[in-house]
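Here is what each chain is made of, one letter per residue.
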Amino acid sequence: MADIILGIESSCDDTSAAVIRDGWLLSNVIASQEVHRAYGGVVPELASRAHELNIVPVVSEALSRACVKPSDLTAIAFTRGPGLLGSLLVGTSFAKALGLSLDIPVVMVNHLQGHLMADFIRQEGKPVNEPGFPFLCLLVSGGNSQIVKVDAPLSYTILGQTIDDAVGEAFDKCSKMMGLGYPGGPVIDRLAKLGDPGRFKFAKPHISGLDYSFSGIKTSLLYFVRDEMARDPQFMENNKEDICASFQKTLIDILMDKLIKAAKQTGIKDITIGGGVSANSGLRERLVAEGNKRGWRTFLPEFKFTTDNAAMIAIAGYYHYLAGERTPLDVAPVSRLADF
Ligand code: KG4
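The text that follows walks through the structure, step by step, so that each part is easy to find. Treat the numbers as computed from the prediction; the structure is a model and nothing was measured.

The rules we used
Numbering of residues begins from 1 in every chain and follows the order in which that chain's sequence is written. Selection of residues for local features in this predicted model requires a pLDDT of at least 70, selection of side-chain atom pairs for listing and counting requires 80 or more, and totals for whole chains, interfaces and linings are taken over all residues. Excluded from the side-chain calculations are hydrogens and water; all other atoms, namely the structure's heavy atoms, are used. Secondary structure elements follow DSSP: runs of H or I no shorter than four residues count as helices, runs of E no shorter than two count as strands, and numbering proceeds from the N terminus. Note that the radius of gyration is over C-alpha atoms, with the globule rule given as 2.2 Å times the number of residues to the power 0.38. The classification of residues rests on relative accessible area computed with a 1.4 Å probe and restricted to protein chains. Under 20% of the type maximum is buried, over 50% is exposed, and intermediate values are partly exposed. Note on definitions: a residue-residue contact is assigned when non-hydrogen atoms from the two residues lie within 4.5 Å. Each accessible area value is a Shrake-Rupley result obtained with a 1.4 Å probe; residue values ignore everything except the protein chains displayed when judging cover. For the purpose of counting charges, residues Lys and Arg are taken to be positive, whereas Asp and Glu are taken to be negative. His and the chain ends are not included. Each charge is placed at NZ for Lys, CZ for Arg, CG for Asp and CD for Glu. The criterion for a residue being near a molecule or strand is simple. One of its heavy atoms has to lie within 4 Å of it. Each polar contact in these results corresponds to two N or O atoms within 3.5 Å; when the atoms are within protein, one needs to be able to donate a hydrogen and the other to accept it, and residues that are neighboring in sequence are counted only if both atoms are side-chain atoms. What counts as a domain boundary in this text is fixed by an automatic or database domain assignment. A carboxyl oxygen of Asp or Glu within 4 Å of a side-chain nitrogen of Lys or Arg is what we treat as a salt bridge. Pairing between strands is defined by DSSP: at least two bridges between the two strands are required. We call Phe, Tyr and Trp rings a pair once their centres come within 6.5 Å, taking the six-membered ring for Trp, and we label the pair stacked below 30 degrees between planes, edge-to-face above 60, and tilted otherwise. Put simply, a charge is over a ring when the Lys NZ or the Arg CZ is close to the ring centre, within 6 Å, and near the line of the ring normal, within 35 degrees. For a helix, the expected span equals 1.5 Å multiplied by the number of residues minus one. Each axis is a line fitted through C-alpha atoms, taken for helices only over the stretch in contact, and angles between the N-to-C directions span 0 to 180 degrees. We call a crossing left-handed when the near helix sits turned anticlockwise from the far one by less than a right angle, and right-handed when that turn is clockwise. Throughout, the ten residues Ala, Val, Leu, Ile, Met, Phe, Trp, Tyr, Cys and Pro are labelled nonpolar, Asp, Glu, Lys and Arg are labelled charged, and all others, Gly among them, are labelled polar.

**Quick word on the overall build of the protein**
Here's step 1: Check the secondary structure of the protein and you find 9 helices and 10 strands.
Here's step 2: Here the C-alpha radius of gyration of the protein, 20 Å, is about what a compact globule of 340 residues would show, namely 20 Å.
Here's step 3: By principal-axis analysis of the C-alpha atoms, the protein measures approximately 65 × 45 × 40 Å.
Here's step 4: Across the 340 residues in the protein, those meeting the buried criterion constitute 54%.
Here's step 5: Looking at the protein alone, contacts between residues at least 24 apart form 73% of all its contacts between residues at least 6 apart.
Here's step 6: Carbon and sulfur atoms provide 54% of the accessible area of the protein, an area that totals close to 14,500 Å².
Here's step 7: Once the 34 positive and 38 negative side-chain charges of the protein are each reduced to a mean point, those two points are 5 Å apart.

**With respect to the site of the ligand**
Here's step 1: Every one of the 19 residues lining the ligand counts as a neighbour, but Gly142, Asp172, Asp189, Gly276 and Asn280 are closest to it.
Here's step 2: Contacts to the ligand include Gly185, whose backbone N or O atom sits 3.1 Å from an oxygen atom.
Here's step 3: Isolated, the ligand exposes 550 Å² of accessible area, and the fraction of that covered by the protein chains is 87%.
Here's step 4: Of all the secondary structure elements, the ones that give two or more residues to the shell around the ligand are α3 (111-116), α4 (167-177) and α5 (184-192).
Here's step 5: Three or more residues apiece are contributed to the shell around the ligand by two domains, here domain 1 (4-127 + 305-322) and domain 2 (135-303).

**Let's talk about the pattern of salt bridges**
Here's step 1: A complete count under the given rule lists 22 salt bridges for this structure.
Here's step 2: In this structure, Arg286 and Glu290 form a salt bridge, with 3.3 Å as the shortest nitrogen-oxygen distance. One end of the pair, Arg286, and the other, Glu290, are both in helix α8 (residues 281-294), 4 residues apart, so they sit about a helical turn from each other.
Here's step 3: For Arg286, a relative accessible area of 22% puts it in the partly exposed group.

**Topic: the pairing of strand β8 (residues 155-161)**
Here's step 1: Where strand β7 (residues 145-152) lies against β8, 6 bridges are found, and the strand directions are antiparallel. Bridge pairing links Ile147 to Gly160 in β8.
Here's step 2: Remark: 2 residues form the turn of the hairpin made by β7 and β8, two consecutive strands paired antiparallel.

**Section: the packing of aromatic side chains**
How two aromatic rings sit relative to each other is given by the distance of their centres and the angle of their planes.
Here's step 1: Evaluation of the coordinates by the stated rule reveals 11 aromatic pairs.
Here's step 2: A centroid spacing of 5.6 Å and a plane angle of 40° characterise the contact between Phe133 and Phe135, whose relative ring orientation is tilted.
Here's step 3: Between Phe200 and Phe235, the ring centres sit 5.9 Å apart and the planes meet at 65°, which makes this aromatic pair edge-to-face. Separated by 35 residues along the polypeptide, Phe200 in the loop between α5 and α6 (215-231) and Phe235 in helix α7 (residues 235-266) bring together distant segments of the chain.
Here's step 4: A residue is classified by how much of its surface remains accessible, and Phe235, at 7% relative accessible area, is buried.
Here's step 5: Taken together, the aromatic side chains of Phe171, Phe200, Phe202, Phe224, Phe235 and Phe247 make up a single cluster linked through ring pairs.
Here's step 6: A cation sits over an aromatic face here: Arg284 above Phe303, 4.2 Å from the ring centre.

**What about helix α2 (residues 85-102)?**
Here's step 1: Spanning 18 residues, α2 covers 25 Å between terminal C-alpha atoms, matching the ideal 26 Å at 1.5 Å per step.
Here's step 2: On its buried face, α2 is in contact with β1 (4-9), α1 (44-66), β4 (75-81) and β5 (106-110).
Here's step 3: Residue Asp103 follows α2 closely and has a positive phi angle near 60°.

**Remarks on the sheet that holds β1**
Here's step 1: Spatially, β3-β2-β1-β4-β5 is the arrangement adopted by the 5 strands of the open sheet, whose pairing is mixed. What marks the edges here is a single partner per strand, and that holds for β3 (24-32) and β5. Sheet twist, expressed as the mean angle between neighbouring strand axes with direction ignored, is 20°.
Here's step 2: Judged from the 5 bridges that link them, β4 and β5 form a sheet pairing that is parallel. From the neighbouring strand, Ile76 faces β5, where its bridge partner is Val106.
Here's step 3: Helix-sheet contacts for α2 involve β1, β4 and β5, and the interaxial angle to β4 is about 155°.
Here's step 4: Packing of helix α9 (residues 310-322) onto the sheet brings it into contact with β1, β2 (14-21), β3, β4 and β5, and relative to β1 it is tilted by some 130°.

**Focus on the packing of α7 against α8**
Here's step 1: Contact pair α7 / α8: the axes reach a minimum separation of 10 Å and the direction vectors enclose 35°. Two packed elements cross with a definite hand, and for α7 against α8 that hand is right-handed. When α7 is examined against α8, the residues Gln248, Ile252, Asp253, Leu255, Met256, Leu259, Ile260 and Lys264 are found in contact with a partner set consisting of Gly282, Leu283, Arg286, Leu287, Glu290 and Arg294.
Here's step 2: Split by residue class, the contact of α7 with α8 holds 7 nonpolar, 2 polar and 5 charged.

These results come straight from atomic positions and should not be treated as a statement about function.
So this is what it looks like as structure tokens:
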């Protein structure tokens, strides 16, 4: 009999539900929350309220698009953390209640593991293109910047991570500072395509090993813009494309330098990226270019699987389910990775 898994994701500001059958995607529905745009960042209380409104229609839509009845489900996979506690509580409580009412198991998933497994979501009519184990994943989002060695679907080691801000935060905060809007990543990405990446130089951090730091570049940009604006109040407006291109190039250089180092140290040549920042066109181009130069096999997730989505939770949950894992109903969501 087929294993049909409903995935539920509610860790931040996207409410998402997806259905997979034996690892093949049947549906993936995402309701994004526009309410945060006016505040220049996610407001946790508003996010949980929006999840409460969205969760039932999103799950119903995912089941209906998949042509699956609740009674057909084998198990429910849900994001237990990390993320915003109030947001996680909505998805976790819903998953447990639905599992209880249908008398089927629930399986908790670490959100980050979902990103790691995004390349394993199989889709009808599309070629299967999955990395071999072990592979390296550059996991870059609004909350994380990590290099992860993935040995098997359920076995991975974090080789390096940020010691302060995540790279997505650097995009978002710097965009806000430059008055370009939120979320900053897509805006900077778009403007960067029109600019000269070599025009301005920003200081890069010197961090040992495979760890990252992105707080210094934020300060470097802040002082740069402040000083130039003091000389010419039109500086930002007249140079925003070049500033974005140069700033984005610096972030990509920082990310790639450590990824190259990790690939050399481990000898691993299958390299993937994941998380919201993996949608960045400059980073994607650079990964492919470095891969061609270094004999890597590179894997770029489809855009719809880069930001938060339940398809990746469903696929990770599927592997947990196959491994015999079942989550007790008294499990609570966790906001920090360290607690997971
Ligand atoms: O994975 P995600 O949807 O949420 C979590 O952080 O869990 O990632 C959101 C982050 C935001 O910081 C956003 O600015 C960034 O991903 N992002 C991008 C791009 N699209 C989204 N950053 C750079 N370039 C993009 N095209």
